[in-house]
Amino acid sequence: MIRKQIIGIYRFYRDGFREMTWGRILWAIILIKLFVMFFILKLFFFPSFLKGMNTEEKQEYVGTELINRMY
Amino acid sequence: MLETIDLSMINWARAQFALTAIYHWLFVPLTLGLAVVMGIMETLYVTSGNEFWKRTAKFWMKLFGINFAIGVATGLILEFQFGTNWSNYSWFVGDIFGAPLAIEGILAFFMEATFVAVMFFGWNKVSKKFHLASTWLTGLGATISAWWILVANSWMQYPVGMEFNPETMRNEMVDFMAVAFSPVAVTKFLHTVLSSWIVGAAFVIGVSAWYLIRKREKEFALASMRVAASVGLFAALVTAATGDKSAYQVAQVQPMKLAVMEALYEGGTHEPLTVVGTLKIPEMLSLLATHDTEGYVPGINNILNGGYRLPDGTTALSADEKIKRGKEAIAALADFRKAKASGDETAAETALQTLDENMPYFGYGYIKDTKALVPHVGMMFWAFRVMVGLGMYFIAFFFLILFLSWKKRLERVNWLHHVALWTIPLAYIASHAGWLVAEVGRQPWTIQDMLPVNAAVSKLDAGSVQTTFFIFLVMFTVLLIAEIGIMVKTIRKGVE
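Bear in mind the structure is a predicted one, so any value in this text is a computation, not a measurement. (Residues numbered from 1 in each chain as written. Chains lettered and ligands numbered in written order. Predicted model: local features only at pLDDT ≥ 70, side-chain atom pairs only at ≥ 80, totals over all residues. Heavy atoms only, no water.)

Moving on, we come to the packing of aromatic side chains. All names here are of chain B. One pass over the structure, following the stated rule, counts 45 aromatic pairs over all chains. Ring centres of Phe-381 and Trp-382 lie 5.1 Å apart, and the angle between their planes is 85°; on these two criteria the pair is classed as edge-to-face. A residue is classified by how much of its surface remains accessible, and Phe-381, at 11% relative accessible area, is buried. Ring centres 6.4 Å apart and planes at 15° place the aromatic pair Phe-399 and Phe-403 in the stacked group. Of the two residues, Phe-399 and Phe-403 both sit in helix α15 (residues 377–406), four residues apart, roughly one turn of that helix. The exposure class of Phe-403 is partly exposed, given its relative accessible area of 32%. (Phe/Tyr/Trp six-rings, centres within 6.5 Å; stacked < 30°, edge-to-face > 60°. Buried < 20%, exposed > 50% of the residue type's maximum accessible area, 1.4 Å probe, protein only. Helix = DSSP H or I, 4+ residues; strand = E, 2+ residues; numbered from the N terminus.)

Further remarks concern a negative patch on the surface. A contiguous patch of negative charge on the surface is contributed by Asp-95, Glu-163, Glu-172, Glu-349, Asp-356 and Glu-357 of chain B. Here the negative patch gets three residues from one element, more than from any other, and that element is helix α14 (residues 345–358) of chain B. (Patch = residues over 30% accessible without salt bridge, like charges linked within 9 Å, V, L, I, M, F, W, Y side chains within 5 Å. Areas by Shrake-Rupley, 256 points an atom, 1.4 Å probe, with all protein chains shown as cover. Salt bridge = Lys/Arg side-chain N within 4 Å of Asp/Glu carboxyl O. Lys, Arg positive; Asp, Glu negative; His and termini not counted. Charge placed at Lys NZ, Arg CZ, Asp CG, Glu CD.)

Below, the discussion takes up the domain arrangement of chain B. All names here are of chain B. Annotation of chain B at the domain level lists domain 1 (2–255 + 378–486) and domain 2 (273–365). Measuring from the centre of the C-alpha atoms in domain 1 to the corresponding centre in domain 2 gives 31 Å. On the domain 2 side, the residues contacting the 18 residues of domain 1 number 22 residues. For the pair domain 1 and domain 2, the summed buried area comes to about 1,600 Å², and 66% of that belongs to carbon and sulfur atoms. Among the residues domain 1 hides against domain 2, the three largest losses belong to Pro-166, Tyr-248 and Asp-449. Together they make up 29% of the total. In this structure, the connection of domain 1 to domain 2 is made through one salt bridge. Across the pair Glu-167 and Lys-340 runs a salt bridge whose closest N-O atoms are separated by 4.0 Å. There are seven residue pairs in polar contact (both at pLDDT 80 or more) connecting domain 1 and domain 2. Secondary structure elements with two or more residues in the side of domain 1 that touches domain 2: α9 (218–253), α15 and β6 (451–452). (Domains from an automatic or database assignment. Contact = heavy atoms within 4.5 Å. Buried area = accessible area lost by both parts, 1.4 Å probe. Polar contact = N/O pair within 3.5 Å; in protein donor to acceptor, adjacent residues only side chain to side chain.)

Turning to the pattern of salt bridges, a few remarks are in order. Enumeration according to the criterion identifies twelve salt bridges over all chains in this entry. Ionic pairing is found between Glu-65 of chain A and Arg-69 of chain A, a salt bridge with its closest N-O pair at 2.5 Å. Salt-bridge contacts for Lys-324 of chain B lead to Glu-328 of chain B; the nearest nitrogen and oxygen are separated by 3.3 Å. Placement of both Lys-324 of chain B and Glu-328 of chain B in helix α13 (residues 319–342) is noted, with a separation of four residues, approximately one turn of the helix. Connected through shared salt-bridge partners, Glu-65 and Arg-69 of chain A together with Lys-459 of chain B make up one network.

What follows covers the packing of helix α2 (residues 51–71) of chain B against helix α8 (residues 183–213) of chain B. Residues and elements named next belong to chain B. At a minimum axis distance of 12 Å, the contact between α2 and α8 shows a crossing angle of 115°. Between α2 and α8 lies a crossing whose hand is right-handed. Contacts from Phe-59, Trp-60 and Leu-63 in α2 reach Phe-203, Val-204, Val-207, Ser-208 and Tyr-211 in α8. Its residues placed into classes, the contact of α2 with α8 shows seven nonpolar, one polar and no charged. (Axes fitted to C-alpha atoms, helices over the stretch in contact; angles between N-to-C directions. Left-handed = near helix turned anticlockwise from the far one by under 90°. Nonpolar A, V, L, I, M, F, W, Y, C, P; charged D, E, K, R; others polar.)

Residue and element names in this part refer to chain B. Running from N to C, helix α1 (residues 7–48) and helix α3 (residues 76–85) cross one another at 165°; their axes reach a closest spacing of 10 Å. As judged from the angle between their axes, α1 and α3 are roughly antiparallel. Helix-helix and strand crossings are classified by hand; for α1 and α3 the assignment is left-handed. On α3, the residues that touch Met-9, Ala-13, Gln-16, Phe-17, Thr-20, Ala-21 and His-24 of α1 are Ile-77, Leu-78, Gln-81, Phe-82 and Asn-85. Considered class by class, the residues forming the contact of α1 with α3 number seven nonpolar, five polar and no charged. (Parallel < 35°, antiparallel > 145°, perpendicular 65-115°, else oblique.)

Before going further, it helps to spend a moment on α8 of chain B. Residue and element names in this part refer to chain B. For α8, with 31 residues, the first-to-last C-alpha span of 45 Å sits near the 45 Å given by 1.5 Å per residue. Of all 31 residues in α8, 27 are buried; the element is thus mostly enclosed. Phi turns positive one or two residues past the end of α8, at Lys-215, with a value near 55°. (Expected span 1.5 Å × (residues − 1).)

Moving on: α13 of chain B. Spanning 24 residues, α13 of chain B covers 35 Å between terminal C-alpha atoms, matching the ideal 34 Å at 1.5 Å per step. The set of residues buried in α13 of chain B consists of Ala-319, Lys-322, Ile-323, Gly-326, Ala-329, Ile-330, Ala-332, Leu-333, Ala-334, Phe-336, Arg-337 and Ala-339 of chain B. Those residues of α13 of chain B that are buried are in contact with α3 (55–68) of chain A together with β1 (162–165), α12 (300–305) and α14 of chain B. Looking one or two residues past α13 of chain B, Gly-343 of chain B carries a phi angle of roughly 80°, positive in sign.

Residue and element names in this part refer to chain B. As for its placement among the helices and strands, Thr-20 is situated in helix α1. For Thr-20, a relative accessible area of 0% gives the class buried. There is a polar contact of 3.1 Å between the side chain of Thr-20 and the backbone oxygen of Phe-17. Residues in contact with Thr-20, not counting those within four places in the same chain, are Ile-77, Leu-78, Gln-81, Phe-472 and Phe-476.

Taken together, Phe-35, Phe-38, Phe-39, Ile-40, Leu-43, Phe-44 and Phe-45 of chain A make up a surface patch of nonpolar side chains, about 710 Å² in accessible area. Within the fold, Phe-35 of chain A resides in helix α2 (residues 23–45).

This is the structure in structure tokens:
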């Protein structure tokens, strides 16, 4: 029963994508955009500033920053 | 130290956030607005069985799909920036910001991805009613996503439901319901979502008017205009009502924002509302801000100098006093952390008490000059008037479209078709003016009274932020050109 439903859902999406006309270009835009965002921008331009620190180090870093910035 | 944070870094980080938010908000309101219009059209199809409404709904769905595809995930770039450019802020807000954004992400993915697929692929594969439910649930999914984003934004404007933990340096959520249903969040949600319906309605009317100008798709255009004007008029009236509520809340929780919106330097009782120049409505500002024509509304200088009576009966502190207490809070935080590190629990307890007493002013400790507490008056004054002025215009515009539609004269009023076409950009301008008021008006705060931008920003080189600013500028402009190009092509093709 569940297997049948999964196959039904799979066919629904498969046929939907196959029958697309004007939607193809939109999917191309979506995929290119997501690639640029996650594999170029996020990886090379937007690393987490606190990356590489464990929780205690992050607490210490932000604590020191927020105290020192008062002066 | 503050000197080590390049001020241009703060400005570039702010500019980058503003740029991406502005572009993102070109797509979102149209998604929210078109979802309602096409939902109503499909409902008319299912209830009447008239194929005309099916064709009509399918056409607007196509434009919805283009906008959805180009706009989807553009908001994620804002989240990238939190971790890179605003790392102190990201850590400081803790799970309060993370929880709503996580819920938004999961909901957006599952609800929208599932039902959008049924909406586009399921016309001949699922029942009419199931398809209709999917169409409405697509819109509902987008609206619920907006809810969580607006909850996060509202918390920054009116932080509630949390406690600051000086050991972890994070704000911890103690009352989820207070965060999720804060009065500011509820009003902001209604105001923002309903104003987005105006954008959707204006878009549908404008495109339909273009067909009338070109003497094409007459029946389709007139029917679309009738549905969109009904949605638009309802939305414009509710937006006006929630705008009034929002102004009242701003007066309570962000009085400086209200004062700069009005360019009010010296406040008082019986305050008039400035329309423009010397044109004023007597006692209206007092009425809007306090729901009492005799109510006291503080001006910019009053807020900076303090000494006036607050609604709770206490006396307002001056900016200098708040800065002093903010510095005491930060010094107490330093003492607490030092005492904890050395294992001196008594000293830690004393420091914690001082911190708690002064925590409401924590962010003021980073303010070097009281002038920094005043947002840009000119920009706020005019952005507010553009938003309200256009809001009133939309009520009249939608009413006129509906009236002429009822009188069956809409087709013949050529000048109105041109006005309708130009109302599309006006709807976007009004929507963005609203965000300008909300976001410029809360400067210098990332979190009201708790964390100003100069404390929230990462210690980064401005050059790296400049680079990504221009990458985004190019990327979003390309996306926008693609959206407009594909939409224009689809509109020119007409209803199939």
